[in-house]
Amino acid sequence: MCRLRVLVDLPRHSRLDAVLDYLAPEPWPAGTLVRVPLGKREVCGIVWGMAETPDPAEADGEAPVLRSVVQVLTDLPPFTHGWLRLVAFAASYYQRSPGEVALSALPPDLRDLDAVQLARRLKRLDKALATAAKVANAAAQAGTPERPALSPEQQQVLDVLADGPPQPSLLFGATGSGKTEVYLREAERVLAAGRQALVLVPEINLTPQLEARFAERFPARCIVSLHSGLTPAQRLQHWLSAHLGRADLVLGTRMAVFASLPRLGLIVVDEEHDPSYKQQEGARYSARDLAVWRGRHEQVPVLLGSATPSLESWYNAGPAEAGGGRYRRLVMPSRIGGGALPAVRVVDLARIAAQFGKQALRAHPLAPPLLDALRERLDRGEQSLVLLNRRGYAPVLHCTNCGWKSACPHCSAWRVFHKLDRTLRCHHCGITERVPRACPDCGDPDIQPMGRGTERLEEQLADLLPGARVGRIDADSTRAKGSLAEQLASVHAGEVDVLVGTQMVAKGHDFRRMTLVAAVQADAALFSSDFRAPERLFSLLMQAGGRAGRDAALAGRSEVWIQTWHPEHALYAALRRHDYEAFAASQLAERESAGMPPFSFQALLRADARTPEAALAFLDAAALQAQALPGAQEVLIYPPVPAPIHRIADVERAQMLVEASGRVTLHRLLAQWLPALQGLSSEPATRVLRWALDVDPISI
DNA sequence: TCTGAGAAGATC
DNA sequence: ATCTTCTCAGAG
C-alpha cells in the first residue's frame, strides 16, 4: 500500500488545502486522473504526488484513517509536469487551492466520468478524429493553400522571432498591419516542428473567424476551440484532443490557457490588452500573465499582440534601464497594402452648441457636421459605424412632475428603459418589469427617457437619415444563438448602411466597406475614478477606428469622428495622431508619479454582506490583521470603501486596496494574511456573505 | 414536543 | 462545493 496526495475540488477556505491523502495498492505518477471518495460523494481527483511515509495511521493513532482511491483512469495519459507546475503557480499567485485551480480547468463532463464512460468517449473521439484526418488528407492532396507575401515589417518581425531562445514578445502592430499573418507564420513554424500551438482570443465571438483563418491556412491540421460557448460534449472532445496531443492548434478564450498540451510549442495572446483576459470570479487569474509564465517555464515563445498594448505589457517591453526588458518589443506600424490609417476628427461639442444652439444638440444626437459625413457615406454607398457603449433605449426614465427616477429596488443603479419590449431592466441584477403607464410616485403620466442608448440612437438615426438602412448590434440584438454571425453577415453583405453598436462590434470584426466610425459619447471614461479608464477608452477608440478603411482603396477617405466636450484632452490629441506611444508615455509618467501599476502591485479584498456596515467591518478587521503581519510596513493598505456600485441584488459590496512596490513583498503579505482572513469570516462580529481576494485587479 | 430553516462543521 | 449535524424559533 502507498499513500497518494490527491487534488480535489475544495475551495481554499475549507482549512484543508484541497490536497488529500488516499491509499492505493500501487504508486501512480503525478498528473494521473483518479476517482476518490470525499465525504459521501465520489469525486474526480488528480494525483499531485506521493506522500513521504507509507501510512501514518499505523505509526500513530491520531492521524486520520485514510480512504482508498476508487479508480484510476489509466486510459488518459497523466498531465505533464509543466501543466502541474502551472496549476501550482496559479494557485499560489492568486491565493487559491491547487485543487480548485486544477479541477476547474477541466471540462465539467470529464470530472463526472468513470473509467468505463471515459473509454467509450475515447473510442468515439478516435472515430471522429479518423474521419477528420481523412478529410484533412484529402484537403492536403488538393494542394497547399496560398500564403500572402509578407510585408517587410512582417518579415522583419518573423526574423527576430526565429532568432534566439524562446521568450515572450510584445507584437505592437497597428490595426490592419497583419498581426494575424505573423501568428499564422509562427504557428506554421511550430507545427512543422511537430509541436502544438495555443492561440488565445479575448472573446468567444472572435473565435469563429480566427478559427476559419487557421483552418484555411492549415487544412491538413486538427484545429479545436476551447471556450464556454461549446456544448459540454464538444468541450470534452476538444479538450481530449488537446490533451492526447491529437489537436495541433488550440484556439480559445482565457480558460484555454490551462489547456493540457503535451507538445506545446507556441502561445499567442491576441489583443493582449483586453480586460476579458482577467477572470472575474473564483480563481481570479489573468490568462495573459499565466500565458507568459507558462511560456517561460515550458520554454516556449509567447507572442502578445495588440495595437494598444496594456500599459503593463508596454512597460515590460520597454528598455531594461527603465524597469522593462522582460519582453522583446516588435513593431509593425504600417497597414498592409499601404493603406493610410483613418483621419481622426474630434468634434468640439461646445463649439457645435455655440454655432447651432444648445437645442439643436439636445434634439439631435449627432453634431450637424457628423450627420453630413454620414450622409456623404450614404450617397457613396459606403458604410458607417456609430458607437455607443450603452444598450437599451435610455439609461433612466424620470417623471417630469415629481422627479421620480427608475431606480432599481435591489441595486444602487438605474433600471434601463428598453423600448422594444416596453420594459425597465436592471443591467446588474436582471430584474425586469413592464414600464409603468404613469409615475409610480405621483401618478403623472408624463414619464420621459433621459439620455440615450443604442436602441434610441438607432431610432434617431433612422429619422435623421431617411432612406438609410440602420442596423444595431449589441448584447440585446444578439441574444439568440448564431444571431451575431447572422447580423455580421448582413453587414458584410452590404444590407446595412449605418450600424449602431456597443463595444462588441469594435473588436476584431473586419468591415470592408466601412469608411466612417463615430463615437458619440466617449467622454464619461475621461473622468472615471478607475485609473485604467483612459487606457481602455484609448484602446476602444483605436480599435473601433481600425474598423474603418480596412479596404486599402477606401482607406484614404476613411475617418474616425469623436464627439466630445473636452477636445483638448491629451487622450484625444494622441488619438488624432494615432500616437499610442505618446499616450502610453504620458500615462506611464502619471502612473509612476502616483505610484500605480505597473510601478506598484495591487490586490483588492472584496467583501459582500447584507449591510454596508458589515462589509466594512470585515474589511476594517482585515486591515488590522494585515497591519499586524510581519512586513506590513512595506505594504500600503488603503481604507475600505463601498464598491462603485455598492448594492447589487440587495447585497452590499465593499472593497479595500492593498499595494506594494514589489510583487514579492505583496505576495509574502497575502500568503500570511489569507489564513487569518479565513478565521475572520467565521467570527460572528465580522461575518460576511462572501469575500474574495483579487490579485492584480483590473477594475477598482 | 415537533418541524424546518439556516448556521456550523467536516471532508484524507 | 456538498453533505451532515446542530440549534433555535414558531407551530401543534
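Quick caveat: nothing in here was measured; it's all calculated off a predicted structure.

Help me out: how do you make sense of the sheet that holds strand β7 (residues 168-173) in this one?
Backbone hydrogen bonds are what pair the strands of a sheet, in a parallel or an antiparallel way. Taken together, seven strands build an open sheet; the order of strands is β9-β10-β8-β11-β12-β7-β13 and the sheet is parallel. Among the strands making up the open sheet, the edge pair consists of β9 (223-226) and β13 (328-332). Strand after strand, the sheet turns through a mean of 20 degrees between neighbouring axes, direction not considered. Note: β7 against strand β12 (residues 302-306), five bridges, orientation parallel. Opposite L170, over in β12, you have L304 as the bridge partner. On the sheet, helix α10 (residues 287-297) packs against β7, β8 (196-200), β11 (264-270) and β12 and is oriented at approximately 155 degrees with respect to β11.

For this particular structure, what's the right way to read the domain arrangement of chain A?
Interface size is commonly expressed as the accessible area that is lost once the parts come together. The domain boundaries assigned to chain A delineate domain 1 (2-81 + 89-99), domain 2 (115-337), domain 3 (339-391 + 453-592), domain 4 (393-451) and domain 5 (601-695). Computed over C-alpha atoms only, the centres of domain 3 and domain 4 are separated by 27 Å. On the domain 4 side, the residues contacting the nine residues of domain 3 number twelve residues. Each partner contributes to the roughly 900 Å² buried at the junction of domain 3 and domain 4, and carbon and sulfur atoms together form 41% of this total. Seen at the junction of domain 3 and domain 4, the total is two salt bridges. When the shortest N-O distance is used, the salt bridge between K419 and E459 registers 2.8 Å. The interface formed by domain 3 and domain 4 includes seven residue pairs in polar contact (both at pLDDT 80 or more).

Quick question: what am I supposed to make of the UniProt feature "binding site: Zn(2+) 1" (unreviewed entry) in chain A here?
Sites flagged by UniProt as "binding site: Zn(2+) 1" (unreviewed entry) map to C399, C402, C439 and C442. A maximum C-alpha distance of 8.6 Å places the annotated residues, which cover 44 residues in sequence, within one compact spot. Tracing the backbone through its elements, the reader meets C399 in strand β16 (residues 396-399). With a relative accessible area of 1%, C399 lands in the buried category. Beyond its immediate sequence surroundings of up to four residues, C399 is in contact with W404, C439, C442, D444, D446 and I447. Topologically, C402 is positioned in the loop between β16 and β17 (416-418). Residue contacts for C402: discarding those within four places in its chain leaves C439, D441 and C442.

Sorry, what's going on with the sheet that holds strand β14 (residues 343-348) here?
The strand order β14-β24-β23-β15-β22-β21 describes an open sheet built from six strands, whose pairing is parallel. Across the chains shown, the open sheet's two edge strands, defined by having one partner strand only, are β14 and β21 (470-473). Put simply, the sheet's adjacent strands are angled 20 degrees from each other on average, direction ignored. The sheet contact formed by β14 and strand β24 (residues 559-564) spans six bridges and is parallel.

Just checking my understanding: could you explain the packing of helix α18 (residues 533-545) against helix α21 (residues 580-594) for this structure?
At a closest axis distance of 11 Å, the pairing of α18 and α21 adopts a crossing angle of 170 degrees. Taken as axis vectors, α18 and α21 run roughly antiparallel relative to one another. Contacts between α18 and α21 involve P534, E535, F538 and M542 from the first element and Y580, F583, Q587 and R591 from the second. Partitioned by chemical class, the residues of the contact of α18 with α21 number five nonpolar, one polar and two charged.

Just checking my understanding: could you explain the pattern of salt bridges for this structure?
Pairing of side chains with opposite charge becomes possible as their charged atoms draw close. Taken as a whole and assessed by the stated rule, the structure comprises 45 salt bridges. Where R288 meets D289, a salt bridge forms, and the shortest distance between an N and an O atom there is 2.8 Å. Accessibility expressed as a relative area gives 12% for R288, which makes it buried. Notably, a salt bridge pairs D476 with R479, separated by 3.3 Å at the nearest N-O pair. On the basis of relative accessibility, which here comes to 16%, the residue D476 falls in the buried class. The exposure class of R479 is exposed, given its relative accessible area of 55%. Connected through salt bridges with shared partners, the residues R345, E376, R377, R380, E382, R557 and E559 form a single ionic network.

Is there a simple way to think about the pairing of strand β28 (residues 651-660) in this case?
The side chains of a regular strand alternate, residue by residue, between the two faces of the sheet. Burial analysis of β28 places nine of its ten residues in the buried class, the great majority of the element. Inspection of the sheet shows strand β25 (residues 601-609) paired to β28 by nine bridges, in the antiparallel sense. Each bridged residue has a counterpart across the sheet, and for L604 the counterpart in β28 is L657. Two strands pair when backbone bridges link them, and strand β26 (residues 635-637) and β28 are joined in this way by three bridges, in the antiparallel orientation. Considered in β28, the bridge of L636 is made with E659. Where strand β27 (residues 641-648) lies against β28, four bridges are found, and the strand directions are antiparallel. Considered in β28, the bridge of P642 is made with A654. Connecting β27 to the antiparallel partner β28 that follows it, the hairpin turn spans two residues, and A649 within it adopts a positive phi of roughly 50 degrees.

Got a minute to help me understand the nonpolar core in this structure?
Nonpolar side chains in soluble globular proteins generally cluster together in the buried interior. By size, the foremost hydrophobic cluster in this structure holds 114 residues, and its most contacted members are I46, L106, L605 and W673. The contacts of W673, once residues within four sequence positions are left out, are L605, A622, A623, Q625, A626, L629, M656 and V658.

Looking at this model, I keep getting lost on the UniProt feature "domain: Helicase ATP-binding" (unreviewed entry) in chain A. Mind explaining?
UniProt tags residues 160-317 as "domain: Helicase ATP-binding" (unreviewed entry). Annotation note: span residues 160-317, helix share 36%, strand share 20%, distance between end C-alpha atoms 15 Å.

Calculation criteria
- The residue numbering used here restarts from 1 in each chain and proceeds along that chain's sequence as written.
- Each chain is given a letter, starting from A, and each ligand a number, starting from 1, according to the order in which they appear as written.
- Side-chain atom pairs in this predicted model are given and counted only at pLDDT of 80 or more, local residue features only at pLDDT of at least 70, and totals for whole chains, interfaces and linings cover all residues.
- Hydrogen atoms and water are omitted, and side-chain values are computed over all heavy atoms in the structure.
- Here, a strand pair is defined by DSSP locating no fewer than two bridges between the strands.
- By definition, any uninterrupted DSSP run of H or I lasting at least four residues is a helix, any uninterrupted run of E lasting at least two residues is a strand, and each is numbered from the N terminus.
- Each axis is a line fitted through C-alpha atoms, and for a helix only the stretch in contact is used; angles between axes span 0 to 180 degrees, taken between their N-to-C directions.
- In what follows, residue pairs with any heavy atoms lying within 4.5 Å of each other are defined as contacts.
- What counts as a domain boundary in this text is fixed by an automatic or database domain assignment.
- Accessible-area loss on putting two parts together, using a 1.4 Å probe and summing over both, is the definition of buried area adopted here.
- The term salt bridge refers to a pairing of a side-chain nitrogen on Lys or Arg with a carboxyl oxygen on Asp or Glu at a separation within 4 Å.
- Pairing of N or O atoms within 3.5 Å defines a polar contact, subject to two protein rules: one partner must be a possible hydrogen donor and the other a possible acceptor, and residues neighboring in sequence count only if both atoms are side-chain atoms.
- UniProt positions are given in the numbering used here, feature names are shortened, and annotations may be inferred rather than shown by experiment.
- For each residue, the accessible area found with a 1.4 Å probe, counting protein chains only, is set against the maximum for its type, and the residue is called buried under 20%, exposed over 50%, and partly exposed in between.
- Just so you know how the angles are binned, under 35 degrees is roughly parallel, over 145 roughly antiparallel, 65 to 115 roughly perpendicular, and the rest oblique.
- Each residue gets one of three labels, nonpolar for Ala, Val, Leu, Ile, Met, Phe, Trp, Tyr, Cys and Pro, charged for Asp, Glu, Lys and Arg, and polar for the others, Gly among them.
- Among buried residues, the Ala, Val, Leu, Ile, Met, Phe, Trp, Tyr and Cys ones that are joined through side-chain atoms within 4.5 Å form a nonpolar core.

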